[in-house]
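The chain contents come next:
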Amino acid sequence: MRMKKKINNQWIVYFAIFGIGVTIGDCINWGYFELDKSISVIDALTLFLTVGITLYIATILDRQFKNEQQESDLIVEQISEVSALLKEIDALIRQESSYNEVNLKIHCIGLAKQNLFEFLKKSYDKNSVDSFEKIFKEKQKKVKDLLTNTPIDKNDLSKISVKKGVVKYTDERIKEIVTEIYSFRTELFKIKLFATTIT
Amino acid sequence: MENVELKIATDFSTTPGARYKEEGDFSGEEFREYVLYPKFKEAKTKGCHLIINLDGTAGLGTSFLEESFGGLLRTNKLDYNEVVDIIQFVSIENPDYIEEILGYLFDAYEKENK
């Protein structure tokens, strides 16, 4: 959709430049200027069209460009928020932390995800966005499970344990979480690139 | 017939915990035992749905959700088809929770039927 709009805008710009060129060409007399009190219908229409198109470019297209820029900024903001939350999780897991606090970070990633893909779906190709959303959900689920899934078997304290609301991860689990977080952030970078590339 | 409603944030806690009671407050085990299972039985008796609202909490961890809902099959020995038929979910903040819970229910069903 964006590419189609940009192609239409380019043609309008070309047309406007051509119209301005014709008007200026008509006015320039290589000798000296002669002001004619009469003006042909074609000349009048050309002038009117050129001025109209110029105004259109200046106002409407400029507004459109600013709107698209704003959307892109919002998307980048959401991605940055998710990235920041992952960084905070990385810090939390290296010490004994409140299970609720870890839970809250993951929950906030879920909320940011809703906003992010709401914006993306408005302006970008549906198939690409759906593909990114699927990967995002997979990464998010994987990190969440590593962080908050305590074992069904109460005797299994191999990787994660929670006592009185305090969660502790083994070194092995920490490595798994860090690896997944890194992979998640790589995907975020790809989404950012997709959202900010000019087509 | 009016459905039975349950909102985790107001009927249980805004800060659900982990899996078992010994892991801390507001565990999935506690939720299932004292809130979810009784409400499920009520809905079943009345012949209506149990509508569970997932919004308003500070997060629903994997073990909380798995123990709460997977535990209905594993511990309370409920029938999978009956559970998915009676329970319906509402989640405006984060609809992904619904898919997650249905996944835990199905996994628990598969494990019980192995």
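To continue, consider the confidence of the model for chain B. The pLDDT averaged across chain B works out to 96; a share of 100% of its residues lies at or above 70. Model confidence for the complex: the whole-complex pTM is 0.79, and ipTM, which rates the interface, is 0.93.

With that settled, consider the pattern of salt bridges. Evaluation of the coordinates by the stated rule reveals 25 salt bridges over all chains. When the shortest N-O distance is used, the salt bridge between Glu 100 of chain B and Lys 144 of chain A registers 2.9 Å. Highlighted residues: Glu 100 of chain B in helix H5 (residues 96-112) and Lys 144 of chain A in helix H4 (residues 126-148), drawn from two different chains. Its relative accessible area of 5% is what places Lys 144 of chain A among the buried residues. Taking the shortest distance from any N to any O, the salt bridge between Arg 19 of chain B and Glu 66 of chain B comes out at 2.6 Å. Here the residue Arg 19 of chain B occupies a position in the loop between helix H1 (8-11) and helix H2 (28-46), and Glu 66 of chain B occupies one in helix H3 (residues 62-74), the gap between them amounting to 47 residues. Judged by relative accessible area, which is 9%, Glu 66 of chain B ranks as buried.

Moving on to the packing of H4 of chain A against H3 of chain B. Contact geometry for H4 of chain A and H3 of chain B: axes closest at 8 Å, N-to-C directions at 85°. The angle between the axes of H4 of chain A and H3 of chain B places the two elements in the roughly perpendicular class. Contacts between H4 of chain A and H3 of chain B pair Lys 144, Asp 145 and Thr 148 of chain A from the former with Thr 62, Ser 63 and Leu 65 of chain B from the latter. Partitioned by chemical class, the residues of the contact of H4 of chain A with H3 of chain B number one nonpolar, three polar and two charged.

Along the chain, the position of Ser 123 of chain A falls in helix H3 (residues 99-123). Separated by 2.4 Å, the side chains of Ser 123 of chain A and Glu 71 of chain A make a polar contact.

It is worth spelling out a nonpolar patch on the surface at this point. Taken together, the side chains of Trp 11, Val 13, Tyr 14 and Ile 17 of chain A make up a nonpolar region of the molecular surface, amounting to roughly 450 Å² of accessible area. Within the secondary structure, Tyr 14 of chain A sits in helix H1 (residues 2-27).

Turning our eyes to something else, we now look at the pairing of strand S3 (residues 87-90) of chain B. Residues and elements named next belong to chain B. Burial of S3 is one-sided: the residues Ile 87 and Phe 89 facing one way are buried, the residues Gln 88 and Val 90 facing the other way are not. Where strand S2 (residues 50-53) lies against S3, four bridges are found, and the strand directions are parallel. Counted as the bridge partner of Asn 53 is Val 90 from S3.

Contacts between chain A and chain B engage 24 residues on the former and 28 residues on the latter. Surface buried jointly by chain A and chain B totals about 2000 Å² across both partners, of which 44% is contributed by carbon and sulfur atoms. Viewed at the interface, chain B and chain A are joined by five salt bridges. Residue Asp 96 of chain B is joined to Lys 113 of chain A by a salt bridge in which the shortest nitrogen-to-oxygen separation is 2.8 Å. Along the contact surface separating chain A from chain B lie 21 residue pairs in polar contact (both at pLDDT 80 or more). Looking at the side of chain A that touches chain B, the elements that each hand over two or more residues are H3, H4 and strand S2 (160-163) of chain A. When grouped by side-chain class, the residues that make up the side of chain A that touches chain B number six nonpolar, ten polar and eight charged.

Quick notes on the rules
- Each chain has its residues counted from 1, following the order in which its sequence is written.
- Chain letters and ligand numbers both follow the written order, the letters beginning at A and the numbers at 1.
- For this predicted model, a pLDDT threshold of at least 70 governs which residues receive local features, and a threshold of 80 or more governs which side-chain atom pairs are given and counted, while totals over whole chains, interfaces and linings are taken from all residues.
- By convention in this description, side-chain values take in all heavy atoms of the structure and omit both hydrogens and water.
- Every residue is assigned a pLDDT by the predictor, reflecting its confidence on a scale from 0 to 100.
- Within this document, salt bridges are pairs made up of a side-chain nitrogen of Lys or Arg and a carboxyl oxygen of Asp or Glu, the two lying within 4 Å of each other.
- Strands here mean DSSP runs of E at least two residues long; helices mean DSSP runs of H or I at least four residues long; both are numbered from the N terminus.
- Note on exposure labels: buried denotes an accessible area under 20% of the residue type's maximum, exposed denotes more than 50%, and partly exposed covers the range between, all computed with a 1.4 Å probe on protein chains only.
- Only the stretch in contact is used when a helix axis is fitted, and all axes are lines through C-alpha atoms; the angle between N-to-C directions ranges over 0 to 180 degrees.
- Any angle between 65 and 115 degrees counts as roughly perpendicular, while under 35 counts as roughly parallel, over 145 as roughly antiparallel, and the rest as oblique.
- Contacts are assigned to residue pairs with any non-hydrogen atoms lying within 4.5 Å of each other.
- As a working rule, the residues Ala, Val, Leu, Ile, Met, Phe, Trp, Tyr, Cys and Pro are called nonpolar, Asp, Glu, Lys and Arg charged, and the rest polar, with Gly in that last group.
- Side-chain atoms alone can form a polar contact between residues adjacent in sequence; in general such a contact is a pair of N or O atoms within 3.5 Å, and within protein one must be able to donate a hydrogen while the other accepts it.
- Nonpolar side chains (Val, Leu, Ile, Met, Phe, Trp, Tyr) within 5 Å and like charges within 9 Å form the patches, drawn only from residues with over 30% relative accessible area and no salt bridge.
- Calculation of accessible area relied on Shrake-Rupley with a 1.4 Å probe; when residues are assessed, cover is drawn exclusively from the protein chains displayed.
- A pair of strands counts as paired when DSSP detects no fewer than two bridges linking them.
- What gets called buried area is simply the loss in accessible area from a 1.4 Å probe that two parts show on being joined, summed for both.

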